[in-house]
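Listed below, chain by chain, are the residues.
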Amino acid sequence: MTLFAAAEPVFAVPVLLLDISLMALLVVVAFAIVRMRSLFAVVMLQGVYSLVCAAWFVSLDAVDVAFTEAAVGAGVSTVLMLSAMLLADRKSTPVPMNRQLGAFIVVCLAGAAMLWAVGDMPAFGDANSPANSYVGTDYLAKTAEEVQIPNVVTAVLGSYRGYDTFGEVVVIFAAGLGVLLLLGLNGNAGRWVARPNGQVVNDRSAPSAAYAKDNRSEDKKKSGEAET
Amino acid sequence: MTPFIGYFMLGSAFLIIVSMAMMLTRLIGGPTLYDRLLAVNSFGTKTVLFLCVFCFIIGRPDGVDIAMLYALMNFIATIAVLKFFNYRALNVTLMVNDESER
Amino acid sequence: MMSAFILFGAVAADTAAVTHSIDWVGLLRNVGTIISMVTGLFFVMAGTIGVLRLPDFFTRLHAAGMTDTLGAELILIALIFQSDSLQMVLKLLLVAFFLLITSPTATHAIAHAAYKAGVKPVLGKYSLPDVEEDGT
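Nothing here was measured: the structure is a model prediction, and the numbers come from that model. (Residues numbered from 1 in each chain as written. Chains lettered and ligands numbered in written order. Predicted model: local features only at pLDDT ≥ 70, side-chain atom pairs only at ≥ 80, totals over all residues. Heavy atoms only, no water.)

Time to look at the overall build of chain B. Scanning chain B from N- to C-terminus turns up 3 helices and 1 strand. Ordering the α and β elements of chain B from the N terminus gives α-α-α-β. For chain B, buried positions account for 63% of its 102 residues. Once local pairs closer than 6 in sequence are excluded, the contacts in chain B between residues at least 24 apart make up 46%. (Helix = DSSP H or I, 4+ residues; strand = E, 2+ residues; numbered from the N terminus. Buried < 20%, exposed > 50% of the residue type's maximum accessible area, 1.4 Å probe, protein only. Contact = heavy atoms within 4.5 Å.)

This is the structure:
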């Protein structure tokens, strides 16, 4: 990759232009998410938002964050949002103007506080910043000989803090299971049929403790089938 | 990579971003659900292409891995959305429906 | 085979820079990149404009599905011409393979779902084919 490294400074400004156009796309998508009423389009736009966001992370040299954003933002959260949307309405109702105004003031204050805090951050690529000076230098120096993984962040997450990452994975797995149980992803429960040994068992003949409440679909309720 | 090819790839990346933006207008304004789904799928393909070209421009071969992940994740998301809207569930193949509801 | 050719091209480009002769392999790689990239971008832009401009869902679907697949493959081929290492070539080939498999499948799935859901094409003077059983 020496050819690329030699050619890199020439492209500094045009790559910045690419970054800016990606951020412009992000702004457009964010405004569309806020303004759209159709919730399905909002879910799709959120997937698009994380796609563009991850492309921007790649240009910021945060490949591992981009990887997570791609897997979680574009894949898993789209499916979770869709299943949540199926339980709720397809369209959002307009929010009255006074509540919008309060949220707008809060957002403006938070954004101003963040912009004010930017002044305390070290400059991009500063050699004396906290991330580059204390224990980070040890990780950078010793990863190549101790773990033999080219990406230092991956080595820190997977090897130096392996138990920590394992705990996080367990927590996230439990949270995901809880969300799946709450959403009830088997959406056509109550319309199932099992055929053990040729004997037809459906939800009317099966033990119905799980269906004590009427959680059938609307057309079944309208057609007036008896609740067992 | 000569500078000429570098600038050529920069122009290609800009064109891909322009086509992403045009696909975004179809996604925002698409009349039916399927138009939006088609636009999202096509947007994902273009993001994969943009990532591949962009990795060549900045000289960092890691990004192609992410492009690979996208190419798969995009497909999975599209199929998941279609399954949701056809059957209201993800595990349809595990059960036998007594009524032909679709 | 192809990657061996490209590796040989990279080596030849290095030696050619020393002897100040014309770098034929590098020139061929650049020309291949430019032709393939321009064609691919043409198809991608044509598909995008088709998705924006065509009147109904199924025509938009054919514009996006067909041209996006071909354009994506051509752009990836253009990048393969420029890659220096075997690893990069294999990764790009893998991306191209995934796109070649998944993109038409996703297009077919969307079209099938839309047809089943009763999205009607704008036909003009033609009439809808009488399909009773579509063999699903």
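Back to the write-up after that little detour.
Within chain A, the secondary structure is distributed over 10 helices and 2 strands. The linear arrangement of helices and strands in chain A, starting from the amino end, is α-α-α-α-α-α-α-α-α-β-β-α. Put simply, chain A has 228 residues, and 28% of those count as buried. Nonlocal contacts in chain A, meaning residues at least 24 apart in sequence, comprise 42% of its contacts between residues at least 6 apart.

Here the focus is the packing of aromatic side chains. Under the definition given, this model contains 6 aromatic pairs over all chains. A centroid spacing of 6.3 Å and a plane angle of 20° characterise the contact between Trp56 of chain A and Phe57 of chain A, whose relative ring orientation is stacked. By relative accessible area, which is 21% here, Trp56 of chain A ends up partly exposed. Since its relative accessible area comes to 17%, Phe57 of chain A is described here as buried. Between Phe97 of chain C and Phe98 of chain C, the aromatic rings sit 6.3 Å apart at their centres with planes inclined by 45°, giving tilted as the arrangement. The class for Phe98 of chain C is buried, based on a relative accessible area of 19%. (Phe/Tyr/Trp six-rings, centres within 6.5 Å; stacked < 30°, edge-to-face > 60°.)

Residue and element names in this part refer to chain B. As a packed pair, helix H1 (residues 3-29) and helix H2 (residues 33-58) sit with axes 9 Å apart at the nearest point and diverge in direction by 165°. With respect to each other, H1 and H2 are oriented roughly antiparallel. As H1 runs across H2, the sense of the crossing is left-handed. The residue makeup of the contact of H1 with H2, split by class, is 18 nonpolar, 4 polar and 3 charged. (Axes fitted to C-alpha atoms, helices over the stretch in contact; angles between N-to-C directions. Parallel < 35°, antiparallel > 145°, perpendicular 65-115°, else oblique. Left-handed = near helix turned anticlockwise from the far one by under 90°. Nonpolar A, V, L, I, M, F, W, Y, C, P; charged D, E, K, R; others polar.)

A few words now on the confidence of the model for chain B. One rule of thumb: low pLDDT means the predicted coordinates there are not for detailed reading. All names here are of chain B. The predicted model of chain B averages 79 in pLDDT, with 82% of residues at 70 or higher. Scored below 50 in pLDDT, residues 91-102 makes 22 contacts in the model with residues more than four places away or belonging to other chains. At the level of chain-chain contacts, confidence expressed as ipTM amounts to 0.81, with global pTM at 0.75. (pLDDT = per-residue confidence, 0-100.)

With 12 residues, helix H7 (residues 135-146) of chain A should reach 16 Å at 1.5 Å per residue; the first-to-last C-alpha distance of 15 Å fits that figure. Two residues or fewer after H7 of chain A comes Gln148 of chain A, characterised by a positive phi angle close to 60°. (Expected span 1.5 Å × (residues − 1).)

As a packed pair, H1 of chain B and helix H2 (residues 24-53) of chain C sit with axes 9 Å apart at the nearest point and diverge in direction by 10°. The angle between H1 of chain B and H2 of chain C places the two elements in the roughly parallel class. Judged by the sense of rotation from one axis to the other, the crossing of H1 of chain B with H2 of chain C is left-handed. Its residues placed into classes, the contact of H1 of chain B with H2 of chain C shows 18 nonpolar, 6 polar and 1 charged.

Phe50 and Val53 of chain B together with Met37, Leu76, Leu79 and Leu92 of chain C are the most contacted members of the largest nonpolar core, which totals 97 residues. Top contributing element to this core by residue count: H2 of chain B, with 17 residues. (Core = buried A, V, L, I, M, F, W, Y, C linked by side-chain atoms within 4.5 Å.)

With that out of the way, let us pick up helix H4 (residues 86-116) of chain C. For H4 of chain C, which comprises 31 residues, the first-to-last C-alpha distance of 45 Å matches the rise-based estimate of 45 Å (1.5 Å per residue) to within 8%. Of the residues flanking the end of H4 of chain C, it is Gly118 of chain C, one or two places downstream, whose phi is positive at about 90°.

A separate point is the side chain of Thr102 of chain C. Looking at where Thr102 of chain C falls in the secondary structure, it is placed in helix H4. Take Thr102 of chain C: its relative accessible area is 8%, and that puts it in the buried class. In contact with Thr102 of chain C, other than residues within four places in its own chain, are Ala71 and Phe75 of chain B.

Structurally, Ala175 of chain A is set in helix H9 (residues 162-183). Through-space distance from the C-alpha of Ala175 of chain A to that of Ala155 of chain A is 25 Å; in sequence the pair is 20 residues apart.

Attention shifts here to the side chain of Thr33 of chain C. Looking at where Thr33 of chain C falls in the secondary structure, it is placed in helix H2. Thr33 of chain C sits in the buried class, given a relative accessible area of 0%. Those residues within four positions of Thr33 of chain C in sequence are excluded, and the remaining contacts are Phe8 and Met9 of chain B together with Ala78, Phe81 and Gln82 of chain C.

Locating Gly44 of chain B in the fold gives a position in helix H2. Here Gly44 of chain B falls in the buried class, since its relative accessible area comes to 2%. Note: C-alpha distance between Gly44 of chain B and Pro61 of chain B (17 residues apart in sequence) is 20 Å. Once residues within four sequence positions are removed from consideration, Gly44 of chain B is found in contact with Leu51 of chain A together with Asn74 of chain B.

All names here are of chain B. Taken as a whole and assessed by the stated rule, the structure comprises 0 disulfides over all chains. No disulfide involves Cys52; its sulfur sits 6.6 Å from that of Cys55, the nearest cysteine. Taking relative accessible area as the criterion, Cys52 reaches 0% and is therefore assigned buried. (Disulfide = S-S within 2.5 Å.)

Under the definition given, this model contains 4 salt bridges over all chains. Two residues, Asp65 of chain B and Lys91 of chain C, come together in a salt bridge whose shortest N-O distance is 3.3 Å. One end of the pair, Asp65 of chain B, is in helix H3 (residues 63-87); the other, Lys91 of chain C, is in helix H4, on a second chain. (Salt bridge = Lys/Arg side-chain N within 4 Å of Asp/Glu carboxyl O.)

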